[in-house]
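Notes for the structure review
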Amino acid sequence: VATLLSEAGLSPEAARNFLHYFLFEGDQPLTPISELSFGERVRLSLATLIAQGVNFLILDEPMNHLDIPSRQRLEAAITQFPGPVIAATHDRAFARSFSSAVYMFHPRPAVAPDDRARFQLTRHVDLDEALAYRQFSKRADRARPGSSLE
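Okay, so let's go over this structure.

Thresholds applied
- Residues numbered from 1 in each chain as written.
- Predicted model: local features only at pLDDT ≥ 70, side-chain atom pairs only at ≥ 80, totals over all residues.
- Heavy atoms only, no water.
- Helix = DSSP H or I, 4+ residues; strand = E, 2+ residues; numbered from the N terminus.
- Buried < 20%, exposed > 50% of the residue type's maximum accessible area, 1.4 Å probe, protein only.
- Contact = heavy atoms within 4.5 Å.
- Areas by Shrake-Rupley, 256 points an atom, 1.4 Å probe, with all protein chains shown as cover.
- Pairing = 2+ DSSP bridges.
- Salt bridge = Lys/Arg side-chain N within 4 Å of Asp/Glu carboxyl O.
- Core = buried A, V, L, I, M, F, W, Y, C linked by side-chain atoms within 4.5 Å.

Bringing the overall build of the chain into the picture now. Assigned secondary structure in the chain consists of 6 helices and 4 strands. Across the chain, helices and strands are ordered from the amino to the carboxyl terminus as α-α-α-β-α-β-α-β-β-α. A buried classification covers 29% of the 150 residues belonging to the chain. Long-range contacts, defined as pairs at least 24 residues apart, comprise 50% of the intrachain contacts of the chain with a sequence gap of at least 6. For the chain, the exposed area adds up to about 10200 Å²; of that, 55% sits on carbon and sulfur atoms.

Looking now at the environment of Ser 97. The residue Ser 97 is located in helix α5 (residues 92-98) in this model. Residue Ser 97 is classed as partly exposed on the basis of its relative accessible area of 46%. Considered as a pair, Ser 97 and Glu 75 are 22 residues apart in the sequence and their alpha carbons are 8.9 Å apart.

Of note in the backbone geometry, Leu 23 takes a positive phi value of approximately 65° without being a glycine. Mapped onto the fold, Leu 23 is located in the loop between α2 (12-20) and α3 (38-51). The class for Leu 23 is partly exposed, based on a relative accessible area of 24%. With a phi angle near 50°, Glu 61 is a residue other than glycine that sits in the positive phi range. With respect to the element layout, Glu 61 can be found in the loop between β1 (57-60) and α4 (68-80).

Of the two faces of β1, the one holding Leu 57 and Leu 59 is buried and the one holding Ile 58 and Asp 60 is not buried anywhere. Inspection of the sheet shows β1 paired to strand β2 (residues 85-88) by 4 bridges, in the parallel sense. Across the sheet, the residue bridging to Leu 59 is Ala 87, located in β2.

Let's shift gears to the pattern of salt bridges. Under the criterion given, the structure shown has 2 salt bridges. Between Arg 16 and Asp 27 there is a salt bridge; the shortest N-O distance is 2.9 Å. One end of the pair, Arg 16, is in helix α2; the other, Asp 27, is in the loop between α2 and α3, with 11 residues separating them in the sequence. You can call Asp 27 exposed: its relative accessible area is 55%. In this structure, the salt-bridge partner of Asp 91 is Arg 71, at a minimum N-O distance of 2.4 Å. Linking Asp 91 in the loop between β2 and α5 with Arg 71 in helix α4, this pair joins segments that are 20 residues apart in sequence. Take Asp 91: its relative accessible area is 16%, and that puts it in the buried class.

This part covers the nonpolar core. Leu 19, Phe 22, Leu 46 and Ile 78 are the most contacted members of the largest nonpolar core, which has 21 residues in total. Sorting the residues of this core by element identifies α2, α3, β1 and α4 as the ones contributing at least two each.

As structure tokens, then:
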């Protein structure tokens, strides 16, 4: 509750009610941040962003390092988000449950030593096609002599 009071300017009652949407129940909103699990901290961060008026989320591997209950609660919280979400993920279950579009990025050779655009968007693809391509690429790299992929 203290985080939402300072970061989003909500009243204590409004902050507690708002945190209920992010699956903080009972006296959980009164728990100090230092005592929250990693998953609870992620949900609190998401709640704080939304309470501040964020209307677009960009998430990088949002399910990494979360236990199963935290994953389920974060998925439920993201489902409640009304705006668009872009997520970079290798988590098939997460991608299947939340994606409406999938884009693949492929490495490309550097043009110059300081070239920062090392990846290019190839095209919009179906999730199953993206996953099949990824598996095919890994097998092909393993078969190539001197490949660094395991």
